[in-house]
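# Descriptive structure summary
Take a look at the letters that make up each chain.
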Amino acid sequence: MFLSLPFRVVCVICVFCIQNAFAQQLEKEVKQDVSRKAARGKLNEIVNHADTKQIELSFVTKSTNKKIKYESYFFDYDLNFIKEENSEDELVKVKRGKLKRYKGDSYSVIGLEAKADMFGNAVFKRKEITYGWNWMKMGYSKNVKTLDKIKPKTDDGSKMWFFNAYEMDTKGEVLALVGEKDKKDAAARLKNFSVLHVNKELDILHKIELPFEYLQYPIYFGSVQSDESHDAEDVLTDYVIVFAPAEGAGMNKSKGGAANSYTLVRINPDGVLVDRIAFNSKGNAWKIEGVYQIGQSLVAYGPCKAKDVTESYFDAYKDPAKMAEMDKFTHFQMVGLKSKSVGFVSLSSIEDFEKKTKTPSNQKGLSSYNGKRVEIAEMRTAPNGDMFVLAQDYKLELRDKERLYEDAYIFHFSPGGELKASYSIDPESKKGGLTGGGLTDARHYHCTLGLVANSNGDVVLLLKSPRVIQSESNSSTFLSTVTTTSYYWPRYQIRAARINMVNASISDVKIFGNDDYYLFDEYGDSEVVIREGGTENGAAKLIVVCEGRKEKKIWLGKLNPDRF
């Protein structure tokens, strides 16, 4: 069973398969009235009662210092309404009750952070993270307080140069990339690297030395992403660093080091070196946007320049602002790395993207990726190994230079990194009005992507896009002064389109809930996974729950990918 959704769209296993033509329709849509209390309350969670094949929508309607009250609505798997039910939890027992995310009004954990001081030295600071429950958001906000600190040194007493750190708050530990500082050799920090594994007692548990023959610069740091990590909270994954040759103004030439000779280093959360793989990049000025795990392999991806791979872009690498402002990339590079070896290195030109752009027939005036400024957000994988990368075009506001997101691009690659198509979709985010200024402009928020496969091997793209901005105002009076505070937040919808995996074509776009209903996920999940047949095999169905923006109704929709 394949499901890859950042927002956990519901999946129902189907024991039959209908092989007729699809018509871009949901299998079923229903609307249900809810009480005023439920409409003003917050969706706590959607519960799958597999034994009775029922879905429970649980709303928090009231909370006091002693109790939390719920109002629940039950539906069968065909979305027929069954009953309404009221219940309550004593606050002291709520951790074992319905409010699964609640761990008390507040709690604290001790963590660790690593930063550079004003001289570039690595400094580790113990921190206390206090989490406070917010009933408006149905989640925790956090406050960080810095405690004591240390400056690590080499065996001869020299301090270390700080580059980057992976802070693992759930363990209270950190993995920090540092370089050796040598008074006699200023370039030593670009040849003698180490990753320090430090715990919350400020003990250095492991030191992984990463020496290089030629000068190098770390051009990418980040945790490995995967289909599983997108759908789970507080998951610790491996730490990845990519090094590129360093040379330029003020640097000694790295004699013998090719400009396209890169190295990827992978370290797990326990401070163990997993991989160190050298590979030849086909492009330079490579702006790596992410590293994704597919099975036992990693795929690094991002735009690059490939006019002259012997040219060094060290000045751009060491200054992220210069890389971000680079006028135009010429290619997009995908690098697949297996354990201790290189799987593939592929280049797709911007001309390839323009030639292979596909658009839904029910959306007009869409643009294509041209190598200029975009935000590349995430990757998803299909059951056959194909890869989908979400990017989004944007422009900058004239006044405050904030991003205004526009067309979404979904790049479709084969398992070997060959570009099969680039799909353009209009997220249809509404512009802001005069009231509230930029706060009311939904284009300030970007899209996210999900996939679900059908029994024929095709996939349905699920673009979660911001449609409008909703606001709420509260007034308070002190003496004769009235203070009004306004809150603004985006309301999201799902835009779905089917991808034919054989000819890389895209269907029309279908909107869940039309323009009257929006996802609940500002406060919690809007979806749930259910299994009708009690098996992991079969075709998937999707059920999504939304709320009315203006009316006291909820909307439920079921999509059968085999008929979409």
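Higher on the page you've got the structure.
Structure report, in brief. Note that the structure is a prediction, hence the values are computed from the model and not measured.

Taken together, five strands build an open sheet; the order of strands is S23-S27-S26-S25-S24 and the sheet is mixed. On the outer flanks of this sheet lie strand S23 (357–358) and strand S24 (374–381), each paired with one strand and no other. Direction of pairing for S23 relative to strand S27 (residues 419–425): parallel, over a ladder of two bridges. Its bridge partner lying in S27, Lys358 is registered against Tyr423.

Attention shifts here to unusual backbone geometry. We note that Lys53 has phi near 55 degrees; this positive angle belongs to a residue other than glycine. By secondary structure assignment, the location of Lys53 is in the loop between strand S4 (42–49) and strand S5 (54–63). A positive phi is found at Leu79, a non-glycine position, where the angle reads about 70 degrees. Inspection of the secondary structure puts Leu79 in the loop between strand S6 (67–76) and strand S7 (81–90). With relative accessibility at 2%, the residue Leu79 sits in the buried group.

Approximately 560 Å³ is the volume found for the second largest pocket. Lining the second largest pocket are 23 residues; nearest its centre among them are Ala39, Arg40, Gln470, Glu472 and Glu547. For the lining of the second largest pocket, the element with the highest residue contribution is helix H1 (residues 36–40), accounting for three residues. Here the lining of the second largest pocket is composed, by residue class, of 10 nonpolar, three polar and 10 charged.

Take the pairing of S7 next. Both S6 and S7 contribute to a ladder of nine bridges, which runs antiparallel. Opposite Phe74, over in S7, you have Lys83 as the bridge partner. The hairpin turn running from S6 into S7, its antiparallel successor, is four residues long, and Leu79 in that turn takes a positive phi close to 70 degrees.

Ordered in space as S15-S16-S17-S18, the four strands form an open sheet in which the pairing is antiparallel. Bordering the open sheet on either side are strand S15 (216–223) and strand S18 (273–280), each of which pairs with just one other strand. Each strand of the sheet is rotated relative to its neighbour by a mean of 20 degrees, with strand direction disregarded. Bridging between strand S17 (residues 261–267) and S18 involves seven bridges; their strand directions are antiparallel. Across the sheet, residue Leu264 finds its bridge partner in S18, namely Ile277.

Tallied over the entire structure, the rule returns 21 aromatic pairs. Geometrically, the ring pair formed by Tyr73 and Phe81 is tilted, given 6.3 Å between the ring centres and 40 degrees between the ring planes. Owing to a relative accessible area of 36%, Phe81 belongs among the partly exposed residues under this scheme. A centroid spacing of 6.3 Å and a plane angle of 55 degrees characterise the contact between Tyr369 and Tyr409, whose relative ring orientation is tilted. Of this pair, Tyr369 sits in the loop between S23 and S24 while Tyr409 sits in strand S26 (residues 403–413); the two residues are 40 residues apart in sequence, bridging distant segments of the chain. For Tyr369, a relative accessible area of 1% puts it in the buried group. For Tyr409, a relative accessible area of 1% gives the class buried.

In this fold, Ser465 is placed in strand S29 (residues 459–478). Residue Ser465 is classed as buried on the basis of its relative accessible area of 0%. Separated by 22 residues in sequence, Ser465 and Arg443 place their C-alpha atoms 9.5 Å apart. There is a polar contact of 3.1 Å between the side chain of Ser465 and the side chain of Arg495.

Criteria and cut-off values
- Residues numbered from 1 in each chain as written.
- Predicted model: local features only at pLDDT ≥ 70, side-chain atom pairs only at ≥ 80, totals over all residues.
- Heavy atoms only, no water.
- Pairing = 2+ DSSP bridges.
- Helix = DSSP H or I, 4+ residues; strand = E, 2+ residues; numbered from the N terminus.
- Buried < 20%, exposed > 50% of the residue type's maximum accessible area, 1.4 Å probe, protein only.
- 1 Å grid on protein atoms, 1.4 Å probe; cavity = no way out; pocket = protein on both sides within 12 Å on 5 of 7 lines; lining within 4 Å.
- Points joined across faces, edges and corners; volume = space filled by probe spheres on them.
- Nonpolar A, V, L, I, M, F, W, Y, C, P; charged D, E, K, R; others polar.
- Axes fitted to C-alpha atoms, helices over the stretch in contact; angles between N-to-C directions.
- Phe/Tyr/Trp six-rings, centres within 6.5 Å; stacked < 30°, edge-to-face > 60°.
- Polar contact = N/O pair within 3.5 Å; in protein donor to acceptor, adjacent residues only side chain to side chain.

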